[in-house]
Amino acid sequence: EGFSAPVLFNLANARQRAGQIGPAILNYERAMLLAPRDPDIAANLRLARQKAGVPESPASRIESATKLLTWNGWFCFAAVALFLFFLTLTLRQAWPGMRMALSWGSLPAALGFAFAVLAMLVQWPGLNRAVVVVPESAAGVSPVTMAQPVFKLRAGESVSVRQTHGAFALIADRTGHEGWVKAVDVALIIPSPRS
């Protein structure tokens with residue numbers, strides 16, 4: 001039932017041994033979402049990308065910092081910080097003599113909430129990330145089978161899904177090139193309820 005980092009990691013290892021590099025990278029990426037600090041998952045993902053010849057997008061310092069926690073972790077962090085902020089405001093009203101000390105206590109809570117919201121905003125574009133799961137996918141200029149290919153994608157490449165239309169998905173690769181591919185050629189890292 002559901003997903004877990006160890007199960008996804010084992011599934012990715014099995015897919016890689018079977019020569020299915022796209023599905024392997026997809027499952028490593030999914031495992032990384034659930035266990036962002038796991039060194040084994042990170043190492044195997046790096047090796048799978050090297051094997052596929054897919055470059056890894058360099059992460060900025062802010063992106064690296066936001067990967068310290070999962071989405072659930074940042075949400076819980078924000079909720080606790082917000083609770084502490086309002087608790088200090090309430091206690092300031094109840095104990096006027098402690099107003100100054102409680103004001104200094106509310107500052108870290110407000111900063112913690114702001115950082116958690118910033119972390120979630122930085123991670124927001126990643127919700128539409130997908131991985132090419134077929135050996136090669138041709139991206140066309142329109143969502144039809146006979147469209148002239150503009151560029152090709154290799155198994156394991158990360159793309160952003162911009163929209164879908166029937167059996168096609170408009171994607172953007174890491175360089176910003178856009179094109180329509182068959183929707184079955186890519187799989188969202190965070191699966192939608194419909195898939």
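All figures in this text were calculated on a predicted structure; none of them were measured in a lab. (Residues numbered from 1 in each chain as written. Predicted model: local features only at pLDDT ≥ 70, side-chain atom pairs only at ≥ 80, totals over all residues. Heavy atoms only, no water.)

Visitor: Before we move on, can you summarise the packing of aromatic side chains with the specific residues and values?
Guide: Centre distance and the angle of the planes are the two values used to describe a pair of aromatic rings. Within the structure shown, the criterion is met by 5 aromatic pairs. Where Trp 74 meets Phe 115, the ring centres are 5.5 Å apart and the plane angle is 65 degrees; that geometry is what we call edge-to-face. Taken together, the residues Trp 74 in helix α5 (residues 71–94) and Phe 115 in helix α6 (residues 99–123) connect sequence positions 41 residues apart. Assessed through its relative accessible area of 39%, Phe 115 is described here as partly exposed. (Phe/Tyr/Trp six-rings, centres within 6.5 Å; stacked < 30°, edge-to-face > 60°. Helix = DSSP H or I, 4+ residues; strand = E, 2+ residues; numbered from the N terminus. Buried < 20%, exposed > 50% of the residue type's maximum accessible area, 1.4 Å probe, protein only.)

Visitor: A description of the layout of surface pockets should follow, citing residues and the corresponding values.
Guide: A volume near 1200 Å³ is recorded for the largest pocket. Counting only elements with at least two residues in the lining of the largest pocket, the list comes to α2 (21–34), α3 (39–52), α4 (61–66), α6 and β4 (158–165). The residue makeup of the lining of the largest pocket, split by class, is 18 nonpolar, 9 polar and 12 charged. (1 Å grid on protein atoms, 1.4 Å probe; cavity = no way out; pocket = protein on both sides within 12 Å on 5 of 7 lines; lining within 4 Å. Points joined across faces, edges and corners; volume = space filled by probe spheres on them. Nonpolar A, V, L, I, M, F, W, Y, C, P; charged D, E, K, R; others polar.)

Visitor: Give me the lowdown on α2, citing residues and values where you can.
Guide: Residues three or four positions apart in an α-helix share a direction because the helix packs 3.6 residues into each turn. For α2, with 14 residues, the first-to-last C-alpha span of 20 Å sits near the 20 Å given by 1.5 Å per residue. The element α2 is largely enclosed, with a buried count of 12 among its 14 residues. Buried within α2 we find Ile 21, Gly 22, Pro 23, Ala 24, Ile 25, Leu 26, Asn 27, Tyr 28, Glu 29, Arg 30, Ala 31 and Met 32. Buried-residue contacts for α2 involve α1 (5–17), α3, β1 (129–132), β4 and β7 (186–188). (Expected span 1.5 Å × (residues − 1). Contact = heavy atoms within 4.5 Å.)

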